[in-house]
Amino acid sequence: MGDERCITRRAAVSAILSSGSALALAGCSYLPTSIISQTRTSDVPFNAAVFYYSYEDSYIGSVREALSADLAAAGVPYHEYDSGNNQSTQDTQIDQAIQAGASVLVVNIVTSGNAEISDAICRKALGAKIPVVFFNRPVEGVGDEGAILDYYDDVAFVGTDPAEASHLQGQMIGTYIAQHFHECDLNRDGSISYVLFKGQASNPEAIYRTLYSVDDANTILEANGYPDLAYFEPDSIDKFQLDLTGSWSASSVKDYMENDLIHYNDENDNMIELVIANSDAMAGGAISALQAHGYNTGEPNSPTIPVFGVDATDAGRQLIAQGVMTGTVAQDAAGMAGCVCSMVQNARDGHDLLEGLDDYARDNVNHLQRKVYIPYSIYNPGDSAS
């Protein structure tokens, strides 16, 4: 029975991942669930090892602050690691934590959307008989959902519905432009030209945020009798600019925007009139470039180009309060940290990671009950969500 189960699972995953991947090891590539869900026995006191892909990410900083407070309040000893946006560094840190007797791995993975790398971490934890809680950065790519989270019983993911932020952002953009179309049309050509900053190429959050925001905004514009948004580079195939650092970097976007404004500006009669950024950090980078060209200074009568982000970080909120950023979608850092902490407590108490978490939304589209969603919301000044 165990062999049959293994063969079935291996065949299912092989249809998703290449045969040359790290998952396709000699013999049975996957083990029966009864083996995967073993409980670790150790004389080492319970402790959590928490790995962040980068301390420099502003949203992750908010999650880190909340999670540290939650773990301390729950009486859970923990050690945290900054992987510096380097997967090799994180892999080494995980090895060291396991060797030091970590009781649970809490992983904000560096290389998101890559099931092979996620699986390698799961196998290390399996060998040590300890659970893994992934959070924030997806562990599977678009098209291979279930390769990890439909397989391991002692692994769970806490994140967000990647399409939700995109739909909410599109709703905000469409509503705002419909209400302010003529003042946004800076060069009076009858259309609104936009630039979109994607973020990390393989990250499902970046992929889905790029996928729906413009289309949803256009639906609202069309309903109000206005033309669709027009990408500022008419010949562009992708209709976005990609942060090649993979870190949703404000500095990278600032450089992009500086270059864009050299060629696309009011003097050349092809002005960029809208900025869509898939994170508040990238929105901040775009604003820095705009301010260097006299836009979005917050001064009276200063020309302002609408800028929209995602995350509702403290920095993003401040930019909105200053009147230099238009809107953002709130990603609940405290809510994410609270759910992760609950899973860690379940691990400590010998329960399934999902014990008592039935009220949280799941990835029902892909039928993944071990993929827990924290909801997004449209940020309005005065909201408490982060």
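This text follows the structure it describes.
These lines cover the structure that appears in this document, whether it is placed above or below. Only a predicted model underlies this, so the values are computations on that prediction, with no experimental measurement involved.

**Let's talk about the sheet that holds strand β4 (residues 132–135)**
With mixed pairing, the seven strands of this open sheet are ordered in space as β2-β1-β3-β4-β5-β12-β11. In this open sheet, the two strands that pair with only one neighbour each are β2 (78–82) and β11 (361–363). Here the average twist between neighbouring strands, direction ignored, is 25°. Pairing of strand β5 (residues 155–159) with strand β12 (residues 368–373), which is carried by three bridges, proceeds in the parallel orientation. By the bridge assignment for β12, Gly-159 is matched with Tyr-373. Together, β3 (104–107), β4 and β5 form the strand contacts of helix α5 (residues 115–128), whose direction differs from that of β4 by roughly 155°.

**Comments concerning the pairing of strand β8 (residues 274–277)**
Consecutive residues of a regular strand have side chains that alternate between opposite faces of the sheet. Alternating positions in β8 separate into two faces, Leu-274 and Ile-276 on one and Val-275 and Ala-277 on the other, with burial throughout. The pairing of strand β6 (residues 193–197) with β8 spans four bridges and is parallel. Directly across from Leu-196, in β8, lies its bridge partner Ile-276. Of the pairings in the sheet, the one linking β8 to strand β9 (residues 307–311) comprises two bridges and is parallel in character. Counterpart to Val-275 in the pairing with β9 is Val-307. The parallel pair β8 and β9 is bridged by helix α10 (residues 280–292), and the resulting crossover is right-handed.

**Notes on helix α12 (residues 333–348)**
With 16 residues, α12 extends 23 Å from end C-alpha to end C-alpha; this agrees with the ideal 22 Å at 1.5 Å per step. When we look at burial in α12, the residues that qualify are Ala-333, Gly-335, Met-336, Ala-337, Cys-339, Val-340, Cys-341, Met-343, Val-344, Asn-346 and Ala-347. A distance of 3.3 Å separates the backbone nitrogen of Ala-334 from a side-chain oxygen at the start of α12, and that oxygen is part of Asp-332. Downstream of α12 by one or two residues, Gly-350 has phi in the positive range, about 80°.

**Concerning the environment of Gly-356**
Checked against the element boundaries, Gly-356 lands in the loop between α12 and β11. The exposed category is assigned to Gly-356, whose relative accessible area is 70%. With 10 residues separating them along the chain, Gly-356 and Asn-346 place their C-alpha atoms 8.8 Å apart.

**Topic: the packing of aromatic side chains**
Evaluated as defined, the whole model comprises 11 aromatic pairs. Arranged with centres 5.1 Å apart and planes meeting at 85°, the rings of Tyr-151 and Tyr-152 form a pair that is edge-to-face. For Tyr-152, a relative accessible area of 2% gives the class buried. Ring centres of Phe-197 and Tyr-256 lie 6.3 Å apart, and the angle between their planes is 40°; on these two criteria the pair is classed as tilted. Remark: Tyr-256 occurs in helix α9 (residues 250–263) and Phe-197 occurs in strand β6; sequence separation between them is 59 residues. Taking the relative accessible area as the measure of exposure, Phe-197 reaches 1% and is therefore buried. A residue is classified by how much of its surface remains accessible, and Tyr-256, at 27% relative accessible area, is partly exposed. Through a chain of ring-to-ring contacts, the aromatic side chains of Tyr-194, Tyr-231, Phe-232 and Tyr-264 assemble into a single cluster. Note that Arg-64 overlies the ring of Tyr-55, its terminal NZ or CZ placed 3.6 Å from the centroid. Over the face of the ring belonging to Tyr-53 we find Arg-137, whose NZ or CZ atom lies 3.7 Å from the ring centre.

**Points about unusual backbone geometry**
Positive phi values are uncommon outside glycine, yet Lys-239 reaches one of about 65°. Looking at where Lys-239 falls in the secondary structure, it is placed in the loop between β7 (230–231) and α9. Looking at Lys-239, the relative accessible area reads 29%, which means it is partly exposed. Residue Asn-296 is not a glycine yet carries a positive backbone phi of 50°. The residue Asn-296 is located in the loop between α10 and β9 in this model. Residue classification places Asn-296 among the buried positions, given a relative accessible area of 0%.

**A closer look at the nonpolar core**
Grouped together as the largest cluster of nonpolar side chains are 84 residues, with contacts concentrated most on Met-257 and Met-343. The greatest single-element share of this core, amounting to nine residues, is contributed by α12. The contacts of Met-257, once residues within four sequence positions are left out, are Val-195, Phe-197, Ile-272, Val-275, Ala-286, Ala-289 and Leu-290.

**A closer look at the sheet that holds β6**
The six strands lie next to each other as β7-β6-β8-β9-β10-β13, forming an open sheet whose pairing is mixed. In this open sheet, the two edge strands, each paired with only one partner strand, are β7 and β13 (376–378). In terms of strand pairing, strand β10 (residues 327–331) meets β13 through three bridges, oriented antiparallel. Paired with Gln-331 across the strands is Tyr-376, a residue of β13.

Definitions and cut-offs
- Residues numbered from 1 in each chain as written.
- Predicted model: local features only at pLDDT ≥ 70, side-chain atom pairs only at ≥ 80, totals over all residues.
- Heavy atoms only, no water.
- Pairing = 2+ DSSP bridges.
- Helix = DSSP H or I, 4+ residues; strand = E, 2+ residues; numbered from the N terminus.
- Axes fitted to C-alpha atoms, helices over the stretch in contact; angles between N-to-C directions.
- Contact = heavy atoms within 4.5 Å.
- Buried < 20%, exposed > 50% of the residue type's maximum accessible area, 1.4 Å probe, protein only.
- Right-handed = clockwise from strand over helix to strand, strands pointing away.
- Expected span 1.5 Å × (residues − 1).
- Polar contact = N/O pair within 3.5 Å; in protein donor to acceptor, adjacent residues only side chain to side chain.
- Phe/Tyr/Trp six-rings, centres within 6.5 Å; stacked < 30°, edge-to-face > 60°.
- Lys NZ or Arg CZ within 6 Å of the ring centre and 35° of its normal.
- Core = buried A, V, L, I, M, F, W, Y, C linked by side-chain atoms within 4.5 Å.

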